[in-house]
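Summary of the model geometry
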Amino acid sequence: MAVDRNSDSGEAVGDRRGRVWSPGTGGLLYGGDYNPEQWPEPVWAEDLELMREAGVSMVTAGIFSWAKAEPSPGRYEFGWFDRVMDGLAGAGVRVCLATMTASPPPWLSHAHPETLPVDAEGVRKSPGSRQHYCPSSPVYREHAARLVERLATRYADHPALAMWHIGNEYGCHTRQCFCEVSAAEFRRWLRERYGTVEELNTAWSTAFWSQAYGSFAQVLPPRAAPTFPNPAHQLDYLRFSDEALLGCYLTEKAVLDRVTPHVPVTTNVMPNHKPVNAFAWAAHQDVLSLDYYQDPHEPLPEVRAGYTFDLMRSAGGGRPWLLLEQAPGAVNWRPRNGPKAPGLMRLWSWQAVAQGADAVLFFQWRQSLGGAEKYHSAMVPHGGRDTRIFREVTELGRELASVPEIAGSRSAAEAALLLDWDSWRALELAARPSTLNQTELSLGHYRPLFEAGVACDVLPPDADLTGHRLLVAPNLYLLSERDAEHLTGYVTGGGHLLVSFFSGIVDPHDRVHPGGHPGVLRRLLGLRTEEFWPLAEDERVTLEGRVNGRADLWSEAVEPEGAEVLAVFGKDHPALAGRPAVTRHRVGAGTVWYLATRPEPRAMRALMDTVRAAAGVEPVLPGLPDGVQATRRERADGSGGFLFLLNHSGAAAEVALPEPMTDLLTPAPGGPLREVRLEPSGVAVLSRPGTARARDGAPDGGRRGA
Ligand code: GLA
């Protein structure tokens, strides 16, 4: 089994309180959300049979089972769930057991309407969908903890129990609550943070617009107001709301730590989800999990996925993570829901593994006949076994099971993108010089690295940056003096840093750093920005110099103060023609670049290639054909590793290998390959012969000819 509850061998993921998740032994996990309460029991037997056929090794069960497990307050009915767990154990399927608290039963809000969340307009949300709870509600938390205690006690030693899945997608629907309970909690939180109301007034710049508070009792959540609310107030409420969600998670985790200290815990975070700081939550999980739903209608979905997967791996300190949900085909929650064409589900699943995942799970196992998600694809579609999706699901299960040695392997990156959750939140508040979207901006910087085949981490600016030759800071608007010093130390120590516009502008309370822009980065960058000059929606300007091409979105009046000018704005930007658009500043043993606009992708790629070359960061494989992704994972015991090649382009591609290698998915009859041909959506998982499978007794693990 992949999940070893007590082992301390191998590459353990998380070791707090002696609890470890060790992916090293049983291979990659495969399965999906299992919601048996939607089906009559005879269907369960067929489920087990089909799971065996599909190669399912782990399901996450019980996510929405609260109403069935506790049909009235304090009356627990677990008999049916015992049969589910026993059936799964008998079929050799491990369970990532949900704590069942994601959707409270109707009786809870009936008896305690105050547990329902209230939006900024003061509207109390109704039950009847899911996640209808106020994160600060002590009543919700008490009921949740009581259920978790029962559940944990009952299944503590169940042979199917692999790990706990706490809650579900925290903050997916209810990100913030503005009710009176939340207001009181917020005041408590503020008192702890600021001590005195004077401190609060200073931090929030309340001298502006007559907002000075006379006492904490006067402070409310930032509810709907006539115009822009105080941004520092909003920022603190975003922090507070994140901590309230984390409080729900930790309330349940505390029960599990006490009752099942030997069982690892996780929670499935949503991708690029501003309400929940994935870096902060990572410290409280034994293994990190992500839900990821590509949009097949989006151009370059692999780039957005790549960024998110890299963020996930980095948040877990480089350790393997779990893809806990994805769709086998279409979702049903976009305005138009594109299906995954043949081969895409396989390709995108392998992309997750190539970028560090040790599990590939789906939402959901069997497609619902009723309810809100009946048009969301599932591993077993409405049409049952004889469907393209089930055939592809089964084929993928077989393929993942054939390469157990990948589990536990890790990858390293010399480049990193910086992302700070507070800065992201502050950047996207209203009343900025321009509307800016952090994820889109980050993707604009990530894409040239991804397309060049460069391995990349995504780190907060206060991370340990040693080992990274190149850092890229996309629009790091909010930056504390301490973090700015950290970055300065990185550069003076020999690092290479690319900073783009509207970085280093404000402190953690959204107060502009004094002394001119870009505040705490001015000295490091060797320049001054006198005026921001955002561009109109359809405006494009030209860049001239060592970076050529067009740019949009933003420009600014930069005056060098030691930095060298590499490119300037062209004549089509009369106000700033000839003024710096790209600069370079050598500081100590390192170099820092500044980008005062958003270049089009081709120009961005050229700039990134230049910066990368200066930093000495090489791609995983040189000369990759367009649209082919290459990543590496190395085995922890040093016995070799894996090269993943994924063809995201619509055309076949040939890739030359650096040395003879074996494709573990389709071993070539003629022995190791020097070149790989990838069909459109093709995948190859290569290993050096004689290393990766050496321990199995045969250089290729005895697969060839099998
Ligand atoms: C989320 C939820 C699942 C399901 C899927 C549908 O990931 O966790 O319960 O609603 O979305 O895509």
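Residues numbered from 1 in each chain as written. Predicted model: local features only at pLDDT ≥ 70, side-chain atom pairs only at ≥ 80, totals over all residues. Heavy atoms only, no water.

Remarks on the overall build of the protein chain
Inclusion rule: Secondary structure elements are taken from DSSP: a helix is a run of H or I of four residues or more, a strand is a run of E of two residues or more, and numbering for both begins at the N terminus. Only C-alpha atoms enter the radius of gyration; for comparison, a globular chain is expected to reach 2.2 Å times N to the power 0.38, where N is the number of residues. With a 1.4 Å probe rolled over the protein chains alone, any residue whose accessible area is under 20% of its type maximum counts as buried; one over 50% counts as exposed, and the rest are partly exposed.
For the protein chain, the count of helices and strands is 17 helices and 26 strands. For 706 residues, the compact-globule estimate of 2.2 N^0.38 gives 27 Å, and the C-alpha radius of gyration of the protein chain, at 26 Å, lies within 12% of that figure. Projecting the C-alpha coordinates of the protein chain onto the three principal axes gives extents of approximately 75 × 75 × 45 Å. Counting all 706 residues of the protein chain, 60% fall into the buried class.

Structural notes on the side chain of arginine 239
Quick reminder of the rule: For this analysis, a polar contact is any N or O atom pair within 3.5 Å, provided that within protein one partner can donate a hydrogen and the other can accept it, and provided that sequence-adjacent residues contribute only side-chain to side-chain pairs. A contact between two residues is defined here by any heavy atoms of the two lying within 4.5 Å.
Among the structural elements, arginine 239 can be located in helix 8 (residues 231-259). Overall, the relative accessible area of 7% leaves arginine 239 in the buried class. Among the polar contacts listed, one links the side chain of arginine 239 to the side chain of aspartate 422, at a separation of 3.1 Å. Leaving out residues up to four positions away in the same chain, arginine 239 has contacts with Trp189, Arg193, Asp422, Arg425, Leu478 and Pro508.

A few points about helix 17 (residues 601-615)
Cut-off, in case you're wondering: An expected span of 1.5 Å times one less than the residue number is assigned to each helix. Here, the arc refers to the directions that run from the helix axis to the C-beta atoms.
If you check helix 17, its first and last C-alpha atoms are 20 Å apart, about what 15 residues at 1.5 Å a residue would give, namely 21 Å. Among all positions in helix 17, only Ala603, Met604, Leu607, Met608, Val611, Arg612 and Ala615 are buried. Along the axis of helix 17, the buried residues cluster in a sector spanning 165 degrees; they form a single face. Turned more than 90 degrees off the buried face of helix 17, the exposed positions are Arg602 and Ala613. Glycine 616 sits one or two positions beyond helix 17 and adopts a positive phi of about 75 degrees.

Re a nonpolar patch on the surface
Heads up, the condition is: Nonpolar side chains (Val, Leu, Ile, Met, Phe, Trp, Tyr) within 5 Å and like charges within 9 Å form the patches, drawn only from residues with over 30% relative accessible area and no salt bridge. Throughout, the Shrake-Rupley method with a 1.4 Å probe supplies accessible areas, and for residues the shown protein chains are the sole cover considered. The term salt bridge refers to a side-chain nitrogen of Lys or Arg lying within 4 Å of a carboxyl oxygen of Asp or Glu.
A surface patch of nonpolar side chains, amounting to about 370 Å² of accessible area, comprises Phe208, Trp209 and Phe228. For phenylalanine 228, a relative accessible area of 44% puts it in the partly exposed group.

Some details on the domain arrangement of the protein chain
The following threshold applies: Domain delimitation in this document rests on an assignment produced automatically or drawn from a domain database. Once two parts are brought into contact, the accessible area they lose, counted with a 1.4 Å probe and summed over both, makes up the buried area.
Parsing the protein chain into structural domains produces domain 1 (29-105 + 138-171 + 259-406), domain 2 (415-615) and domain 3 (628-688). Relative placement of domain 1 and domain 3: their C-alpha centres are 29 Å apart. At the junction of the two partners, domain 1 supplies 20 residues and domain 3 supplies 15 residues. Together, the buried faces of domain 1 and domain 3 total about 1400 Å²; carbon and sulfur atoms form 64% of this surface. Put simply, domain 1 and domain 3 have 1 salt bridge between them. Residue arginine 633 is joined to aspartate 358 by a salt bridge in which the shortest nitrogen-to-oxygen separation is 2.7 Å. Linking domain 1 with domain 3 are 5 residue pairs in polar contact (both at pLDDT 80 or more), by the criterion used here. Those elements that provide at least two residues to the side of domain 1 that touches domain 3 are helix 11 (344-354) and strand 9 (357-362). Here the element with the most residues in the side of domain 1 that touches domain 3 is helix 11; it accounts for 8 residues.

Description of the site of the ligand
Note the following rule: Note on terminology: near, applied to a residue and a molecule or strand, indicates that one of the residue's heavy atoms is within 4 Å of it. For this classification, Asp, Glu, Lys and Arg are treated as charged, while Ala, Val, Leu, Ile, Met, Phe, Trp, Tyr, Cys and Pro are nonpolar and the rest, including Gly, are polar.
Taken together, Phe64, Arg130, Asn168, Glu169, Asp291, Tyr293, Glu325, Trp333, Phe363, Glu373 and His376 make up all the residues around the ligand. Tyrosine 293 has a polar side-chain atom sitting 3.4 Å from an oxygen atom of the ligand. In this structure, histidine 376 approaches the ligand through a side-chain N or O atom, which is 2.7 Å from an oxygen atom. In the complex, the protein chains occlude 97% of the 310 Å² of accessible area that the ligand would expose alone. Looking at the shell around the ligand residue by residue, the classes come out as 4 nonpolar, 2 polar and 5 charged.

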